[in-house]
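Chain and residue survey
Residue strings, one per chain:
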Amino acid sequence: MSGLRRVGIAGLGIYVPERRLTNAELERMVDTSDDWIRQRTGISERRIARPDELTSDMGTAAARRALADAGVEASAVDLVICCTVTPDQLFPATACSIGHKLGASRAGGFDLSAACSGFVLGAQTAAHFIATGAAETVLVVGVEKLSAILDYRDRSTCVIFGDGAGAAVFTTLERSGRGEFLGGSAGMKGGTEDVLSLPAGGTRFPASHATVDAGQHFIRMQGKAVYRFAVTTFVDVVRRTLAPYGGIDRLDALVPHQVNLRIIEAAAEGLGLPMERIFVNIDRYGNTSAASVPIALFEAREAGLVKPGALTCCVAFGAGLTWGHLLFRW
Ligand code: COA
């Protein structure tokens, strides 16, 4: 990035709701079993927000912790990017509510919609604002309240997803002293609107009694199509990312979107990367979409996998279809 400023990650924070929804409880709600869920997805439990707990509340809680970790006051934040597909409302942006609740009095803000790829794309956006000098401090929040758009009668989706929030503070590397941003990518494959979506409530199918009756305000997913796409993309993106660094052996930590344990294990095998270098916490949180990467990154640091100097790659993919990665040296 010659001529541009070097960018670093100054702090991380997470928030997950207290309520745990276990597989045993799901067994009583739909025709499923703990065994099936563990074997096919690796999930044991997921967190569910309270009805009165908004996406912006969870995002604000994670952001406060990230700011404290970075030693940065909310009043110093220039920009809030909220990555979510479950905003408080379709508009205004949830970023504005988070900024208000934090007291980020001089920040601008917007939401970024790229489903499970949201955080890695938001992080790159933040890095570019800082690299060019357009901002000094950018807060990126990945947050979802997927329980609000899940049909707890549909066993093919309700067992997979959960709620939560993760946040990261980006500044110049000179200030952060850690987490040097090395690069990223963004990809998409349109024409896949029906593979994974919340069909109604936008302009394609405006909300009506008919859309409610047809269950179109709940997540719809073609599981097998997503599975194939995820494994292939995962392997391609990580292999291409590491090629200029001397190959996959040089990677110290892989923090992937917590999509499904089978997908992660299949990709690990395809890459020839031992599972010890891959962080997994899907067993405890399920798939939290845009919150998944920042929650995993925070916990990977706590677990000591992402340690000072570690070449770290985050990779994500999701509805859109979208994908992207983030490479940095912690
Ligand atoms: N409990 C028990 N049985 C279930 C079930 C559940 N929760 N969900 C589906 N089934 C059943 C199906 O109805 C099907 O039954 P049938 O054979 O009688 O028709 C059977 O299990 C196999 O279903 P299938 O969809 O072929 O299973 P799968 O091996 O593909 O696993 C997923 C399903 C969803 C776990 C898998 O496709 C997957 O992980 N896809 C990716 C999803 C994802 O990660 N989405 C987020 C992307 S960001």
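The subject of this paragraph is the overall build of the protein chain. Scanning the protein chain from terminus to terminus reveals 12 helices and 13 strands. Rg of the C-alpha trace for the protein chain: 19 Å, near the compact-globule value of 20 Å for 330 residues, within the 12% margin. In terms of overall dimensions, the protein chain has a C-alpha envelope of 55 × 45 × 35 Å along the principal axes. Of the roughly 13900 Å² of accessible surface on the protein chain, a fraction of 52% belongs to carbon and sulfur atoms. In the protein chain, 33 side chains carry a positive charge and 34 a negative one; their mean positions are 3 Å apart.

On the surface, a cluster of positive charge is contributed by Arg40, Lys224, Arg228 and Arg262. Structurally, Lys224 can be placed in helix α9 (residues 223-242).

Before going further, it helps to spend a moment on the pairing of strand β12 (residues 311-318). For β12, a buried count of eight out of eight residues is recorded, marking the element as mostly surrounded by other parts of the structure. Residues Leu311, Cys313, Val315 and Phe317 point to one face of β12 and Thr312, Cys314, Ala316 and Gly318 to the other, with burial holding for every one of them. In terms of strand pairing, strand β11 (residues 253-256) meets β12 through four bridges, oriented parallel. For Pro256, the partnering residue across the bridge sits in β12 and is Val315. Bridge count for β12 against strand β13 (residues 322-329) is eight bridges, and the pairing is antiparallel. From the neighbouring strand, Cys314 faces β13, where its bridge partner is Leu326. Here β12 folds back onto β13, and the loop between the two strands holds three residues, one of which, Gly320, carries a positive phi near 145 degrees.

Further remarks concern the layout of surface pockets. Considered as a void within the structure, the largest pocket measures approximately 1100 Å³ in volume. Lining the largest pocket we find 43 residues, and of these Val85, Ser113, Ile149, Ser197 and Leu198 sit closest to its centre. Taken together, the elements giving at least two residues each to the lining of the largest pocket come down to β5 (108-112) and β9 (196-197). The class makeup of the residues in the lining of the largest pocket is 21 nonpolar, 15 polar and seven charged. Both of domain 1 (7-177) and domain 2 (181-329) provide at least three residues apiece to the lining of the largest pocket. Taken as a whole, the second largest pocket spans an internal volume of roughly 610 Å³. Around the second largest pocket, the lining is made up of 27 residues, and of these Ile160, Met221, Gly223, Asn260 and Arg262 lie nearest the centre. If you list the elements that add at least two residues to the lining of the second largest pocket, you get α2 (34-41), α6 (155-158), α9, α10 (261-271) and β12. Per element, the largest residue contribution to the lining of the second largest pocket is five residues, and it comes from α9. Considering only residue class, the lining of the second largest pocket consists of 13 nonpolar, nine polar and five charged.

On to the domain arrangement of the protein chain. A common measure of how large an interface is: the accessible area buried when the components associate. Once the domains are mapped, the protein chain shows domain 1 (7-177) and domain 2 (181-329). Taken together, the contacts link 50 residues of domain 1 with 42 residues of domain 2. A combined buried area of about 3700 Å² lies between domain 1 and domain 2, and 68% of that area is made up of carbon and sulfur atoms. Looking at the side of domain 1 facing domain 2, the largest losses of area belong to Leu12, Cys116 and Ile149, adding up to 17% of the total buried there.

Around the ligand, 23 residues are found, and the nearest of them are Thr32, Arg40, Arg155, Lys224 and Asn260. At 3.5 Å, a side-chain N or O of Trp36 approaches a nitrogen atom of the ligand. Asn260 is positioned such that a nitrogen or oxygen atom in its side chain is 2.4 Å from an oxygen atom of the ligand. For the ligand, the protein covers 73% of the area, taking 960 Å² as the surface of the free molecule. A molecule is said to occupy a pocket when more than half its atoms come within 2 Å of that pocket's grid points, and by this definition the ligand occupies the second largest pocket. Listed by contribution, the elements that provide at least two residues to the shell around the ligand are α2, α6 and α9. Ranked by the residues each element gives to the shell around the ligand, the list is headed by α9, at four residues. Residue composition of the shell around the ligand, by class: 11 nonpolar, seven polar and five charged. Looking at which domains feed residues into the shell around the ligand, each of domain 1 (7-177) and domain 2 (181-329) gives three or more.

Each value, and the rule that gives it
Residues numbered from 1 in each chain as written. Predicted model: local features only at pLDDT ≥ 70, side-chain atom pairs only at ≥ 80, totals over all residues. Heavy atoms only, no water. Helix = DSSP H or I, 4+ residues; strand = E, 2+ residues; numbered from the N terminus. Rg over C-alpha atoms; globule rule 2.2 N^0.38 Å. Areas by Shrake-Rupley, 256 points an atom, 1.4 Å probe, with all protein chains shown as cover. Lys, Arg positive; Asp, Glu negative; His and termini not counted. Charge placed at Lys NZ, Arg CZ, Asp CG, Glu CD. Patch = residues over 30% accessible without salt bridge, like charges linked within 9 Å, V, L, I, M, F, W, Y side chains within 5 Å. Salt bridge = Lys/Arg side-chain N within 4 Å of Asp/Glu carboxyl O. Buried < 20%, exposed > 50% of the residue type's maximum accessible area, 1.4 Å probe, protein only. Pairing = 2+ DSSP bridges. 1 Å grid on protein atoms, 1.4 Å probe; cavity = no way out; pocket = protein on both sides within 12 Å on 5 of 7 lines; lining within 4 Å. Points joined across faces, edges and corners; volume = space filled by probe spheres on them. Nonpolar A, V, L, I, M, F, W, Y, C, P; charged D, E, K, R; others polar. Domains from an automatic or database assignment. Contact = heavy atoms within 4.5 Å. Buried area = accessible area lost by both parts, 1.4 Å probe. Near = heavy atom within 4 Å. Polar contact = N/O pair within 3.5 Å; in protein donor to acceptor, adjacent residues only side chain to side chain. Sits in = over half its atoms within 2 Å of the grid points.

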